[in-house]
Amino acid sequence: MSPRRNRPRGAPPERRRADDDAGERYGLERTDSWQGEDWAVRQITGGAASKHYRCPGCDQEIPPGVPHLVAWQRDGGVEDRRHWHRACWNARERRGARLQRSRNAPRY
C-alpha cells in the first residue's frame, strides 16, 4: 500500500501568478434585482474574509474565514454594503422581518 498524499495538487504557490489569486479571492461581481432595484453582488472566499460581520438576513454573525456575499445597491455608496450568508441572500424573498422579542414575550 502506498502512503497517503499530503501535498496539495497543482502548481506550487511560488509558481502561481498574483493576479490569479486576486481573482479567486474576490470573485466576479454580478447584478441581481430585488425589490425593484439593482444590487451589485460579490462573492467573498474564506481566505478573503478577515473580519466579523453581521448578516442582515438572519441577524447572525459571519466569523472570519467563512465564505459569504457582499451586496449593495448600484446607486448606493460604500457605507451601504452588507455582508450576507449565501443561503440568506438566496432566501431573502421568502423571509419576513426578523422580530426581536423579549425573553418572556408570547410566541404567537
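This text goes with the structure placed above it.
Right, let's walk through the structure included here. Quantities reported herein were computed from a predicted structural model and do not represent experimental measurements.

## A few points about the packing of aromatic side chains
- This model, assessed by the stated rule, comprises 5 aromatic pairs.
- Their ring planes at 85° and their centres at 6.0 Å tell us that Trp34 and Trp84 sit as a pair that is edge-to-face. Of this pair, Trp34 sits in strand β1 (residues 29-34) while Trp84 sits in strand β6 (residues 82-84), and the two are 50 residues apart along the sequence.
- For Trp84, a relative accessible area of 7% gives the class buried.
- Seen from their ring centres, Trp34 and Trp89 are 5.8 Å apart, and the 70° between their planes marks the pair as edge-to-face. Taken together, the positions of Trp34 in strand β1 and Trp89 in helix α2 (residues 86-90) put the pair 55 residues apart, joining distant regions of the chain.
- Judged by relative accessible area, which is 13%, Trp34 ranks as buried.
- A connected cluster of aromatic rings, assembled from ring pairs, spans Trp34, Trp39, Trp84 and Trp89.
- A cation sits over an aromatic face here: Arg92 above Trp89, 3.9 Å from the ring centre.

## Focus: the side chain of Arg92
- By the element assignment, Arg92 lies in the segment after α2.
- Here Arg92 occupies a buried position and makes no salt bridge, while the nearest side chain of opposite charge, Asp32, is found at 4.1 Å.

## Describing unusual backbone geometry
- We note that Gln35 has phi near 55°; this positive angle belongs to a residue other than glycine.
- Relative to the elements of secondary structure, Gln35 occurs in the loop between β1 and β2 (37-44).
- Residue classification places Gln35 among the exposed residues on the basis of a relative accessible area of 64%.
- If you check the backbone angles, Asp59 has positive phi at about 60° while not being a glycine.

Parameters at a glance
Every chain is numbered on its own, with residues counted from 1 as its sequence reads. A pLDDT threshold of at least 70 governs which residues receive local features in this predicted model, and a stricter bar of 80 or more applies before side-chain atom pairs are shown or counted, although totals over entire chains, interfaces and linings include all residues. No hydrogens and no water enter the side-chain calculation; it runs on all heavy atoms of the structure. Centres within 6.5 Å are what make two rings of Phe, Tyr or Trp a pair, Trp counting through its six-membered ring; a difference in plane orientation under 30 degrees is then read as stacked, over 60 as edge-to-face, and the rest as tilted. Starting at the N terminus, helices and strands are each numbered in turn, a helix being any DSSP run of H or I of at least four residues and a strand any DSSP run of E of at least two. The cut-offs for exposure are 20% and 50% of the maximum accessible area for each residue type, with area from a 1.4 Å probe on protein chains only; residues under the lower value are buried, those over the upper are exposed, and the others partly exposed. Two limits define a charge over a ring: the Lys NZ or Arg CZ must be within 6 Å of the ring centre, and within 35 degrees of the ring normal. His is not counted, nor are the chain ends; Lys and Arg add positive charge and Asp and Glu add negative charge. A side-chain nitrogen of Lys or Arg and a carboxyl oxygen of Asp or Glu constitute a salt bridge if their distance falls within 4 Å.

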